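Topology and contacts: notes
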Amino acid sequence: MTDKSKLAFRELERSITAALETYSNVHRGTGHHSMVSTGLYEQSRELVLDYLDLPPEKYTVIFCSPRRTGKFTGNLKPGSFRVITGEETGLPLGVQAVAVQKKHLPEGTPFESGGGTARLMASGWVIWDKAPDKFEAGTPAIINVIAFAKALTLLKSSGPGLFHVEDKEKCAVADILYRDETDGLTGRELLEKLRATRIGIETQVPTTAGWTRYVNLDNSASTPTFTPVWDAVRRTWRLAPETHRELIAEVGKICAGMLHAPPDTYEVIFTSNTTEAINLAAENLKRDPDTGTETVIVSSLLEHSSNDLPWRQVTSHPLIRLNIDKEGFTDLIQLEKVLAEYNRDGIHGNQRIKLVAISGASNVLGVCNDPEAIGRIVHRYGARLLVDAAQLVAHRKVDISGFDIDYLAFSAHKVYAPFGSGALIVRKALLHFNPQEMEAIRKSGEENPGGITALGKIFHLMGRIGMEVIIREEQALHHHALSELSKIKGFKGYGIKDPDAPSFSCKAGVIVFDFKNMFSNKLAQELAIRGGIGVRFGCHCAHILIKKLVGVGPFFERFQWLIATLFTSVRFPGLTRVSLGMENSREDVDTLVRVLKQIGNGKQPDKIRSDTQGQKDELTREKVVQSMNEYVEEAGRRVFTDMRQVTC
Ligand SMILES: Cc1ncc(COP(=O)(O)O)c(C=O)c1O
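Since the structure is predicted, the reported quantities are computational estimates derived from the model, not experimental observations.

This part takes up the overall build of the chain. Looking only at helices and strands, the chain features 22 helices and 19 strands. A compact globule built from 648 residues should have a C-alpha radius of gyration of about 26 Å, and the chain, at 24 Å, falls within 12% of that. Principal-axis analysis of the C-alpha atoms gives the chain an extent of 75 × 60 × 55 Å. With 648 residues in all, the chain has 63% of them scored as buried. Long-range pairs, those at least 24 residues apart, make up 77% of the contacts in the chain between residues at least 6 apart in sequence. Taken as a whole, the chain presents about 24800 Å² of accessible surface, with 52% of it coming from carbon and sulfur. Charge centroids of the chain, computed over 80 positive and 78 negative side chains, lie 4 Å from each other.

Before going further, it helps to spend a moment on the site of the ligand. Every one of the 14 residues lining the ligand counts as a neighbour, but Thr139, Thr275, Asp388, Gln391 and Ser411 are closest to it. Separating an oxygen atom of the ligand from a side-chain N or O atom of Ser411 is a distance of 2.6 Å. Considered class by class, the residues forming the shell around the ligand number 1 nonpolar, 11 polar and 2 charged.

With that settled, the discussion passes to a nonpolar patch on the surface. A cluster of nonpolar side chains, Trp561, Leu562, Leu566, Phe567 and Val570, forms an exposed patch at the surface whose accessible area comes to about 480 Å². As for its placement among the helices and strands, Trp561 is situated in helix α19 (residues 554-566). Taking relative accessible area as the criterion, Trp561 reaches 38% and is therefore assigned partly exposed.

With that out of the way, let us pick up the sheet that holds strand β10 (residues 294-300). Spatial ordering of the open sheet is given by β9-β15-β14-β13-β12-β10-β11, a layout of 7 strands whose pairing is mixed. Taken across any chain shown, the strands that pair with only one partner, and hence form the sheet edges, are β9 (266-271) and β11 (320-322). Taking each pair of neighbouring strands and ignoring which way they run, the sheet shows an average axis angle of 20°.

What follows deals with the state of the cysteines. Going through the model one piece at a time under the given rule, you end up with 0 disulfides. You can see Cys539 has no disulfide; the closest cysteine sulfur is in Cys541, sitting 8.9 Å from it. Taking relative accessible area as the criterion, Cys539 reaches 18% and is therefore assigned buried.

At a minimum axis separation of 9 Å, helix α12 (residues 332-344) and helix α13 (residues 371-380) run at an interaxial angle of 10°. Relative to α13, the element α12 is oriented roughly parallel. α12 and α13 meet at a crossing whose hand is right-handed. Judged by residue contacts, Leu332, Leu335, Glu336 and Leu339 of α12 engage Ala373, Ile374, Ile377, Val378 and Arg380 from α13.

This paragraph deals with the pairing of strand β6 (residues 204-207). Bridge count between β6 and strand β7 (residues 210-213): 4 bridges; the pairing is antiparallel. The residue of β7 that forms the bridge with Pro206 is Trp211. Between β6 and β7, which follow one another and run antiparallel, lie 2 residues.

In this structure the tally under the stated criterion is 41 salt bridges. Ionic pairing is found between Lys71 and Glu283, a salt bridge with its closest N-O pair at 3.2 Å. Of this pair, Lys71 sits in helix α3 (residues 66-73) while Glu283 sits in helix α10 (residues 274-286), and the two are 212 residues apart along the sequence. When its relative accessible area of 19% is taken as the criterion, Glu283 is described as buried. We note a salt bridge from Arg344 to Asp345, for which the minimum N-O separation is 2.8 Å. Of the residues examined, Arg344 reaches a relative accessible area of 56% and is grouped as exposed.

This part is about the packing of aromatic side chains. Under the criterion given, the structure shown has 12 aromatic pairs. Pairing Phe226 with Tyr416 gives two aromatic rings, centres 5.4 Å apart and planes at 35°, and the pair type is tilted. One end of the pair, Phe226, is in the loop between β8 (215-216) and α8 (227-237); the other, Tyr416, is in the loop between β14 (407-411) and β15 (422-427), and 190 residues separate them in sequence. Judged by relative accessible area, which is 1%, Phe226 ranks as buried. A connected cluster of aromatic rings, assembled from ring pairs, spans Tyr41, Phe63 and Phe148.

Further remarks concern the domain arrangement of the chain. Here the chain is partitioned into domain 1 (3-168) and domain 2 (264-446). Listed by partner, the interface residues are 27 residues for domain 1 and 22 residues for domain 2. Roughly 1900 Å² of surface becomes buried between domain 1 and domain 2 when both sides are summed, with 53% attributable to carbon and sulfur atoms. Linking domain 1 with domain 2 are 3 salt bridges, by the criterion used here. A salt bridge links Arg67 to Glu276, with the shortest nitrogen-to-oxygen separation between them at 2.7 Å. At the level of elements, α3, β4 (118-121), β5 (126-128) and α5 (142-158) are the ones that each hand at least two residues to the side of domain 1 that touches domain 2. Counting residues per element, the side of domain 1 that touches domain 2 draws most heavily on α3, which supplies 4 residues. Among the residues making up the side of domain 1 that touches domain 2, the classes are represented as 12 nonpolar, 11 polar and 4 charged.

Let's shift gears to the nonpolar core. Formed by 125 residues in total, the largest nonpolar core has its most connected members in Phe163, Leu259, Ile353, Phe410, Ile458, Phe459 and Met582. In terms of residue count, α5 provides more of this core than any other element does, 11 residues in total. Beyond its immediate stretch of four places on either side in the chain, Leu259 contacts Val393, Val398, Asp399, Ile400, Leu408, Phe410, Ile425 and Phe459. In this structure, Phe491, Leu575, Val593 and Leu596 belong to the second largest nonpolar core, which totals 46 residues.

On to the sheet that holds strand β19 (residues 576-579). In a beta sheet, neighbouring strands are held together by backbone hydrogen bonds and run either parallel or antiparallel to one another. Judged by pairing direction, the sheet is antiparallel, and its 3 strands sit side by side in the order β16-β17-β19 without closing on themselves. Looking at the sheet topology across the chains shown, the edges are occupied by β16 (491-493) and β19. Here the strands of the sheet are splayed against their neighbours by 35° on average, with no regard to which way each runs. Together, β16 and β17 (510-515) form the strand contacts of helix α16 (residues 467-486), whose direction differs from that of β17 by roughly 10°. Contacts between helix α20 (residues 586-601) and the sheet are confined to β16, β17 and β19, with β17 contributing the most and set at about 10° to the helix.

For the chain, per-residue confidence averages 94 on the pLDDT scale, and residues scoring 70 or more make up 97% of the total. Note on residues 608-616: pLDDT under 50 across the span, and 14 contacts to partners over four residues away in sequence or across chains.

With that settled, consider unusual backbone geometry. A cis amide bond links Ala131 to the next residue, Pro132, at an omega of 5°. You can see Pro132 is positioned in the loop between β5 and α5. Within the chain, Tyr416 stands out as a residue other than glycine whose phi angle is a positive 65°. Notably, Cys541 is not glycine yet its phi reads approximately 55°, a positive angle. Looking at the element boundaries, Cys541 is found in the loop between β18 (533-534) and α18 (543-550).

To continue, consider the side chain of Thr139. Take Thr139: it is sitting in the loop between β5 and α5. Within the local environment of Thr139, its side chain forms a polar contact with the side chain of His413, the two groups lying 3.4 Å apart. Those residues within four positions of Thr139 in sequence are excluded, and the remaining contacts are Asn25, Asn273 and His413.

What counts, and at which threshold
Residues numbered from 1 in each chain as written. Predicted model: local features only at pLDDT ≥ 70, side-chain atom pairs only at ≥ 80, totals over all residues. Heavy atoms only, no water. Helix = DSSP H or I, 4+ residues; strand = E, 2+ residues; numbered from the N terminus. Rg over C-alpha atoms; globule rule 2.2 N^0.38 Å. Buried < 20%, exposed > 50% of the residue type's maximum accessible area, 1.4 Å probe, protein only. Contact = heavy atoms within 4.5 Å. Areas by Shrake-Rupley, 256 points an atom, 1.4 Å probe, with all protein chains shown as cover. Lys, Arg positive; Asp, Glu negative; His and termini not counted. Charge placed at Lys NZ, Arg CZ, Asp CG, Glu CD. Near = heavy atom within 4 Å. Polar contact = N/O pair within 3.5 Å; in protein donor to acceptor, adjacent residues only side chain to side chain. Nonpolar A, V, L, I, M, F, W, Y, C, P; charged D, E, K, R; others polar. Patch = residues over 30% accessible without salt bridge, like charges linked within 9 Å, V, L, I, M, F, W, Y side chains within 5 Å. Salt bridge = Lys/Arg side-chain N within 4 Å of Asp/Glu carboxyl O. Pairing = 2+ DSSP bridges. Axes fitted to C-alpha atoms, helices over the stretch in contact; angles between N-to-C directions. Disulfide = S-S within 2.5 Å. Parallel < 35°, antiparallel > 145°, perpendicular 65-115°, else oblique. Left-handed = near helix turned anticlockwise from the far one by under 90°. Phe/Tyr/Trp six-rings, centres within 6.5 Å; stacked < 30°, edge-to-face > 60°. Domains from an automatic or database assignment. Buried area = accessible area lost by both parts, 1.4 Å probe. Core = buried A, V, L, I, M, F, W, Y, C linked by side-chain atoms within 4.5 Å. pLDDT = per-residue confidence, 0-100.

Pasting the structure below:
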């Protein structure tokens, strides 16, 4: 590798380390880090246009997996777009950029749907979001997109070929996946060690109480990562394609082992996220052999839009959405009843329930369905089971074959591996794609060996910690959080409210609440300004469920449609969500409790102690908002400024 390439790799890694230090989900969070990641992600679009010398007034950029690029550009007018592939950068990121003329963007239903593509939805209608979000279904590969844009800036300033290195490194996959500074540790000891390596653990943000440690309580949206995982990714980026192939094969085995999906029965297909995995399953279902019956799909009121919208494209029959009880558990009696009606008794003519698509754990209420019981019922009536495991795999044991699951979808960015990978694990016998199509599908996911390696690495580490240890730790923290929050005047929780109830063991660490009737976006903003706390507000891409929880009836729903159509930036009632992960500590929860009490008391924020330089200053609210904006800009500069001269 030439010195020029070595320097370019080093600069890329420096920049991505900076992005990881302030990483959070884009577009839909409120805290400092969601603002930073959103800023970096949107700046990445501008950098692509800059690289291509295209005017931003006329063009926008859609980031796609290779498979999605094909689907998207297939609908575009020839000559109205340009594509930059990963090959052009020389980096295996699994990201492609489609720069498309705004006036030629397709109207109507997007080519893939799910989280982020809809601004508002109800069981019978959808108001699609505007481009570019409408065409980027699910959580984008945020870090990989930033790396892609960074690579383009380096290529632009230094000429092509920087990352096209002939003599890429080779090394044993075991070194990457199974060896690091945590060697020899297991159980709780390993968990603690890993927590201490969380990237960004030291990051301080401006608040009305001075510069404080950032507290990420938005793990259901996306999780931060740990040094051993990032190290595995950066090493992978420098490796030769043969080693990538070995890594991908090994991670396939790790996933199969962790989730109990025997390779003779199940195929692990890597995707860019859960949403792409579910869209793929939907496409597969459309190809079910014609048996003279019409397809009906069952889901529940609990579902995330990524496990609702794609199914609407499969059949003209409306989805049957199972009810949920007061705690949020799906009604299994109703499930059995509808299956019997459709599939055993033929009450609905030739309509048959082909698939039951259910979330393993809710991203709003945290409730974990019982996939084993569901699997038993579903198969008794000849249907198939898809489990949306986006919120499950980081928090509970999953036994695909034991639970008789046919399709399981999840994202790595919700399991501390935010490098743009996900997977669909599917019973091989159910796949209806032809060999060429299968090859293209596999190839698309596998163009991101770094993201796949990250997933394998974290699964291996979690396996060594032990899921029972992770569950015990998370539940203890969750118990503490729910107990303390419930004592605060004005706090109104939803779903399982009593941490000592037997059902609490079936609730993952997600707490959704209303506080003193404040708008959830205002409350979330207040938590950030006063405590440096990142949470999520609004409808959580689960509009149907949120409307049920906050009591939006059919009349108001129609009214919402009218208002949302007329006024595109209006906000509707929503809830605030706190979501815990194995990265969180008791101190994080105590900060939340303290700040929420302070907001409830109407007390002015603490007067300032000191800033990071140790200087005393009085941080008024306005100053903090200004500092937050400066913080976001500075974080952006750290990532995208070319520091090669300095580091050299
Ligand atoms: C339950 C559930 N399903 C699906 C998704 C979609 O995941 P992704 O955005 O990674 O595609 C999410 C994301 O929040 C989720 O919480």
